[in-house]
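Observations on the model geometry
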Amino acid sequence: MQSQSKVAIVTGGAGGIGEAAARAIAARGVHVVLADLRPAAAEETAARLRAEGLDVEPASVDVASEASVRAMVEAVLNRSGRVDILVNNAGVESSKPFLEIGLDEYERVMRVNTTGAWLCCQAVIPAMLRQGSGYIVNVTSVAGQLGGGLLGTVAYSTSKGAVNSMTKALAREFAKSGIRVNAVSPSLTMTDFAQRQLDRLAPGTLDRVIARTPIGRVGQAEEIAAAIAFLVSDEASFVVGHVMNVDGGTAI
C-alpha cells in the first residue's frame, strides 16, 4: 500500500517526550508509527491518540538490535511505501559515578542511546534517498554538552555527546540529498524516564536541578515536542545540523 500522507517513525513513542512528539507531529496530518520496546504500552498510547482523532499505529522495536530495527522499518515501508520523518527518541538512563559503572552498563547505554540512533538512521535513510527528502531529529541531552552535571553522568553524557556529533556528520553528508538532520537537546524534562532517575538519587536533587536552571523550573514533554515538530516541518527548511537546546537556559 502506498501512503499519500507523510509517514513518521518515533522511537520510544509509548510515553514521555516520544508520545508528546508523536501527538505534535500527527496533529499536522502525518501518519505516526509509535515504535517502542514495550508493545503493550505502544498499543495503549496508540489507542489514546486515536481517541484524539490522530492517525497513529503501534510498532514493536528494540533499537539496540539491528535485526529488530530493520524489520520494523521494512514493515512500515511495506505498509506505507515511504518514511518521511524519523525521531530517534528511545533511550536509557545512567546516573552512577564513573568508578561505579561497569562495562556492561556502559555498553548498554551506548548500545541503546548511540548505536540505536545509528541503526535507525541506517534503516530509513535509503528510503529517504529514493524519495529525495526526509527529516531526522535525534533527541539528545544537555548532558552531552556539559559532561553530565544534572542527572546523567559519564556514560549517559558520553552517549548523548556522540549523538550530537553524529547529527552534524549525517547532516553534512546528506543535506544535498534533501535529508535534513538535526537534534533537540533537552534539560531535565518531567517524564517517567526522568522520575526513575530522580527516585534513585538523594532527596532534594530536583530542587538543586531547578536552582541551576535559569528559567527556574524543569521542562515539560510538550515543550520538547514543539521543537521536534518544528524541525520536521517545512518552516525549518534551512535548519541543518543544528543541536537545538530546549533547556530553560541550562547550557548558557
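Coordinates for the structure precede this section.
Residues numbered from 1 in each chain as written. Predicted model: local features only at pLDDT ≥ 70, side-chain atom pairs only at ≥ 80, totals over all residues. Heavy atoms only, no water.

A cluster of nonpolar side chains, Phe98, Leu99 and Val154, forms an exposed patch at the surface whose accessible area comes to about 350 Å². Along the chain, Phe98 turns up in the loop between β4 (85–88) and α4 (103–131). Owing to a relative accessible area of 58%, Phe98 belongs among the exposed residues under this scheme. (Patch = residues over 30% accessible without salt bridge, like charges linked within 9 Å, V, L, I, M, F, W, Y side chains within 5 Å. Areas by Shrake-Rupley, 256 points an atom, 1.4 Å probe, with all protein chains shown as cover. Salt bridge = Lys/Arg side-chain N within 4 Å of Asp/Glu carboxyl O. Helix = DSSP H or I, 4+ residues; strand = E, 2+ residues; numbered from the N terminus. Buried < 20%, exposed > 50% of the residue type's maximum accessible area, 1.4 Å probe, protein only.)

Before going further, it helps to spend a moment on the pairing of strand β2 (residues 31–36). Of all six residues in β2, six are buried; the element is thus mostly enclosed. What you see with β2 is no split at all: His31, Val33 and Ala35 on one side and Val32, Leu34 and Asp36 on the other are buried throughout. Bridge count between strand β1 (residues 7–11) and β2: five bridges; the pairing is parallel. Counterpart to Ile9 in the pairing with β2 is Val33. Between the parallel elements β1 and β2, the chain passes through helix α1 (residues 16–26) in a crossover that is right-handed. Judged from the five bridges that link them, β2 and strand β3 (residues 56–60) form a sheet pairing that is parallel. Along β3, the bridge assignment pairs Leu34 with Pro58. The β-α-β motif built from β2, the intervening helix α2 (residues 39–51) and the parallel element β3 has right-handed crossover chirality. (Pairing = 2+ DSSP bridges. Right-handed = clockwise from strand over helix to strand, strands pointing away.)

What follows concerns helix α3 (residues 66–80). With 15 residues, α3 ought to run about 21 Å at 1.5 Å a step, and its terminal C-alpha atoms sit 21 Å apart, in line with that. Among all positions of α3, only Val69, Met72, Val73, Val76, Leu77 and Ser80 are buried. The buried residues of α3 occupy one face: seen down the axis, they fall within an arc of 135°. Of the exposed residues in α3, the ones pointing more than 90 degrees away from its buried face are Ala67 and Asn78. Buried residues along α3 sit against β1, β2, β3 and α4. Backbone geometry just after α3 places Gly81 at a positive phi near 80°. (Expected span 1.5 Å × (residues − 1). Arc of directions from axis to C-beta. Contact = heavy atoms within 4.5 Å.)

Summarising burial for β1: five of the five residues are buried, a large majority. Burial of the side chains of β1 extends over both faces: Val7, Ile9 and Thr11 are buried on one face and Ala8 and Val10 on the other. Pairing of β1 with β4, which is carried by three bridges, proceeds in the parallel orientation. Residue pairing across strands places Ala8 opposite Ile85, the latter belonging to β4.

We now examine the sheet that holds strand β7 (residues 243–246). Pairing in this open sheet of seven strands is parallel, and the strands run β3-β2-β1-β4-β5-β6-β7 from one edge to the other. Of all the strands in the sheet, just β3 and β7 have a single pairing partner and so form its edges. Ignoring which end each strand starts from, the neighbouring axes of this sheet average 20° apart. Along the sheet, helix α6 (residues 154–174) makes contact with β5 (134–139), β6 (179–186) and β7, crossing β6 at roughly 160°. (Axes fitted to C-alpha atoms, helices over the stretch in contact; angles between N-to-C directions.)

Looking at the secondary structure, you find Ser185 in strand β6. Side-chain polar atoms of Ser185 contact the side chain of Gln145, separated by 2.9 Å. Those residues in contact with Ser185, other than ones at most four positions away along the chain, are Thr140, Ser141, Val142, Gln145, Val243, Met244, Asn245, Val246 and Asp247. (Polar contact = N/O pair within 3.5 Å; in protein donor to acceptor, adjacent residues only side chain to side chain.)

Okay, the state of the cysteines next. As enumerated under the stated definition, the model contains zero disulfides in all. Summary of cysteine pairing: Cys120 is not part of a disulfide, and the nearest cysteine sulfur, belonging to Cys121, is at 7.1 Å. (Disulfide = S-S within 2.5 Å.)

Next up on the list: the nonpolar core. Membership of the largest hydrophobic core comes to 36 residues, with the highest contact counts inside it found for Ile9, Val124 and Ile136. For this core, the secondary structure elements donating two or more residues are β1, β2, α3, α4, α6 and β6. Sorting elements by how many residues they give to this core places α4 first, with eleven residues. (Core = buried A, V, L, I, M, F, W, Y, C linked by side-chain atoms within 4.5 Å.)

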